[in-house]
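The chain contents come next:
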Amino acid sequence: HPKSKPEDDTVDDAQRQVTKKGAKKCGAVLKQYAKAGEMDPDVIFTGPETRNMQAAAIAQDFFSLDPKDVLQIPDLGPGGDPKKALDSIKQWVNDKGDPDDSEVLVIGSNPALSGFFSLVHGLGTKAGMSGAVKLKKGSVAKLKVYDILKGSAASELRSYMPPGLAGGK
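Owing to the predicted nature of the structure, the values given are computational and were not obtained by experimental measurement.

Draft legend 1. Representation of the overall build of the chain within the structure. Looking only at helices and strands, the chain features four helices and five strands. In sequence order, the secondary structure elements of the chain are arranged as α-β-α-β-α-β-α-β-β. Classification of the 169 residues of the chain by burial places 37% in the buried group. For the chain, contacts bridging at least 24 residues in sequence account for 65% of all contacts bridging at least 6. When the accessible surface of the chain is split by element, carbon and sulfur atoms take 50% of a total near 9500 Å².

Put into structure tokens, the structure is as follows:
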């Protein structure tokens, strides 16, 4: 999700809002990806926090997606289970019927989103390998996932853009 208002005692963490600057940078990142022909999602999966839903609304408007194409997954929230989030997305891909023609946009909060990214990208899945990924708020990473419905899924990092590279001051 884009940069959100700081944590404080007056607002529940789940209700924190995206800042105006964060929303502007989010739009700038999406614009750069779309301009490069790198992004045209069929669906948006989002965590349940207000800031995640606001980011999903920005992306929904930008890509002219129908509201039914924005799906909330509680496991993309801060306390979520990345494996369950991946299982939910796999189910959607399976129901769609053509995994090679599915493009999804995933919006969430850390640590669940970083865990999801690590899981999908295969870090820590081979003997002797481990690792964690830190994703900066408002960043976009594009992965090409091969054989997502098989046990031997693999992915390739195609690009990564932190919000500062896209402009949107």
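Draft legend 2. Examining the pairing of strand β1 (residues 43-46) more closely. Alternating residues of β1 divide into Val43 and Phe45 and Ile44 and Thr46, and every residue in both groups is buried. Taken together, β1, helix α2 (residues 50-62) and strand β2 (residues 70-72) form a β-α-β motif whose crossover is right-handed.

Draft legend 3. Up close: the pattern of salt bridges. Summed over all chains, the structure comprises three salt bridges. Residue Lys68 pairs with Asp69 through a salt bridge whose shortest N-O separation is 3.3 Å. Residue Lys68 is classed as exposed on the basis of its relative accessible area, which comes to 61%. Using a relative accessible area of 17% as the deciding quantity, one classes Asp69 as buried. Among the salt bridges present, the one from Lys83 reaches Asp87, with a minimum N-O distance of 3.0 Å. Highlighted residues: Lys83 and Asp87, both in helix α3 (residues 82-96), separated by four residues, approximately one helical turn.

So, how was this worked out
Residues numbered from 1 in each chain as written. Predicted model: local features only at pLDDT ≥ 70, side-chain atom pairs only at ≥ 80, totals over all residues. Heavy atoms only, no water. Helix = DSSP H or I, 4+ residues; strand = E, 2+ residues; numbered from the N terminus. Buried < 20%, exposed > 50% of the residue type's maximum accessible area, 1.4 Å probe, protein only. Contact = heavy atoms within 4.5 Å. Areas by Shrake-Rupley, 256 points an atom, 1.4 Å probe, with all protein chains shown as cover. Right-handed = clockwise from strand over helix to strand, strands pointing away. Salt bridge = Lys/Arg side-chain N within 4 Å of Asp/Glu carboxyl O.

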